[in-house]
Amino acid sequence: MTAADSPDALELALARLAGGDASGLEQVYRLSAPRVLAICIRILGDRSEAEDVLHDTYVRLAANAGRFRRGHGSAIGWLVTIARNLSIDRLRSRAVRGIQLPVEAAEAVPDKSPDAEARLLGAEPGARLDGCLATLDDAQQGAIRSAFFAGYSYAQLADQRGVPLGTMKSWVRRGLAKLKACLEQ
Amino acid sequence: MTERELLAAELALRLLSEEEHAAAQAELARDPELAALVAQWEGRLAPLADELEAVPPAPQVWQQISASLGQAGADNDNDRREADLLRVRLRRWQWGSAAAAAAALVLGFLGAPLLRDGPPVPDAATPVLAASLPVGSENGPRLALTYLPGSGDLVVEASSVPGDGIHDHELWLVVPDGKPVSMGLIASGTQRRIDLPADLARQVDAGLEVVLTREPLGGAPKGGAPGPVVATGKFWAI
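Residues numbered from 1 in each chain as written. Chains lettered and ligands numbered in written order. Predicted model: local features only at pLDDT ≥ 70, side-chain atom pairs only at ≥ 80, totals over all residues. Heavy atoms only, no water.

A. Region of the structure containing helix H7 (residues 138–150) of chain A. All names here are of chain A. The end-to-end C-alpha separation of H7 is 17 Å, in line with the 18 Å expected for 13 residues at 1.5 Å each. Listed as buried for H7 are Gln140, Gln141, Gly142, Ala143, Ile144, Arg145, Ser146, Ala147, Phe148, Phe149 and Ala150. Just past H7, the residue Gly151 takes up positive phi, approximately 70°. (Helix = DSSP H or I, 4+ residues; strand = E, 2+ residues; numbered from the N terminus. Expected span 1.5 Å × (residues − 1). Buried < 20%, exposed > 50% of the residue type's maximum accessible area, 1.4 Å probe, protein only.)

Below is the structure:
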């Protein structure tokens, strides 16, 4: 992350937008869109659909900027959340419409953060989360990461791992409880 | 961890089936504490996205966003005349004299087209909203409105509003800096559930003004002026 897209600059731009300054939107977009697009592409596996969702995310933001609350975490976290939800909506409606993308489009999600150790050394916001995820066993960690990055539901996770739905639910639920306990330490 | 917290985490991660998710959305709409727990989980998990490499979008994406928002602005311009008319009427009703209200009656008014497609995707932080409009006297019967952000539904409860046999009411949402949008006719003694179009649902928030006008039974003739304002109210979060 460079100084130009520091979290503070984004928070300030979002605050301007929330305060009714429409020019804040372009700045919010410039500071955040590449990272927001990354999660859309990751979930959808298709750049053009991901850019559609990116468009929808910022149009929606323009209407809802006043609703951003600190309880939601950081500004980038809030934007990622909106985009991730819209991407999953699209993914699931695609499933309903019976559209299948080529298998290679859906990149496998690694069970562990690829550069977890490097990030643990830094002071990035994700470092603490990574540290806590690392305390879960591989199956729990892998399932939570696949849910986040691939938008998989319990049923899809169970299919993917070849375990009964109930087993997958209890893995994930135990993992989430452990994760929360660790994050609150 | 409690069941509610687990549910919040499951909603944040989108682990549930679409049917379960939809049911839980309805619960979210009624339960701001649960919505806050979901927001908290979303905030906890979002940093995972930091590990992805940023991807600069194509330049035309921003142009399309600008165009979409610019188009919305142009729509507002076209509707401004209509908006101004109802505002004038409102102001006169609020401040004023029967003569002014009668004068306002002659102003022409075309109701804005109402429904468009697409369910709203709720913002987890949006609380359930309510409004209560006195019909007749302040202590008389009230028209109760409940807005459920999860489903984008506006529930209109007019069961306790007595009919006089010659009038119905028309309900309007006064969108900030935009047009008043007709929610249609509300017959006395009835309940209605109105599915708000996504672009309208996005603008419903605490403080949004609601107006009730009195219309002939069955509604004003198409293209005719709306009836007099009989009540106003605002949404508040519950």
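Alright, that's what it looks like, and here's the rest.
B. Broad picture of the packing of aromatic side chains. All names here are of chain A. Within the structure shown, the criterion is met by 3 aromatic pairs over all chains. Taken together, a centroid distance of 4.9 Å and an interplanar angle of 80° make the contact between Tyr29 and Tyr58 edge-to-face. In this pair, Tyr29 sits in helix H2 (residues 24–44) while Tyr58 sits in helix H3 (residues 47–64), placing the two residues 29 residues apart along the sequence. By relative accessible area, which is 0% here, Tyr58 ends up buried. (Phe/Tyr/Trp six-rings, centres within 6.5 Å; stacked < 30°, edge-to-face > 60°.)

C. How the structure looks around the interface of chain B and chain A. Contacts between chain B and chain A engage 47 residues on the former and 63 residues on the latter. With both sides pooled, the region where chain B packs onto chain A buries about 5,000 Å², and carbon together with sulfur makes up 61% of that total. B:Asp50 serves as the salt-bridge partner of A:Arg35, at 2.9 Å between the closest nitrogen and oxygen. Applying the counting rule to chain B against chain A returns 19 residue pairs in polar contact (both at pLDDT 80 or more). Among the secondary structure elements, those contributing two or more residues to the side of chain B that touches chain A are helix H1 (3–13), helix H2 (18–30), helix H3 (32–45) and helix H4 (59–95) of chain B. Looking at the side of chain B that touches chain A, its residues break down into 28 nonpolar, 5 polar and 14 charged. (Contact = heavy atoms within 4.5 Å. Buried area = accessible area lost by both parts, 1.4 Å probe. Salt bridge = Lys/Arg side-chain N within 4 Å of Asp/Glu carboxyl O. Polar contact = N/O pair within 3.5 Å; in protein donor to acceptor, adjacent residues only side chain to side chain. Nonpolar A, V, L, I, M, F, W, Y, C, P; charged D, E, K, R; others polar.)

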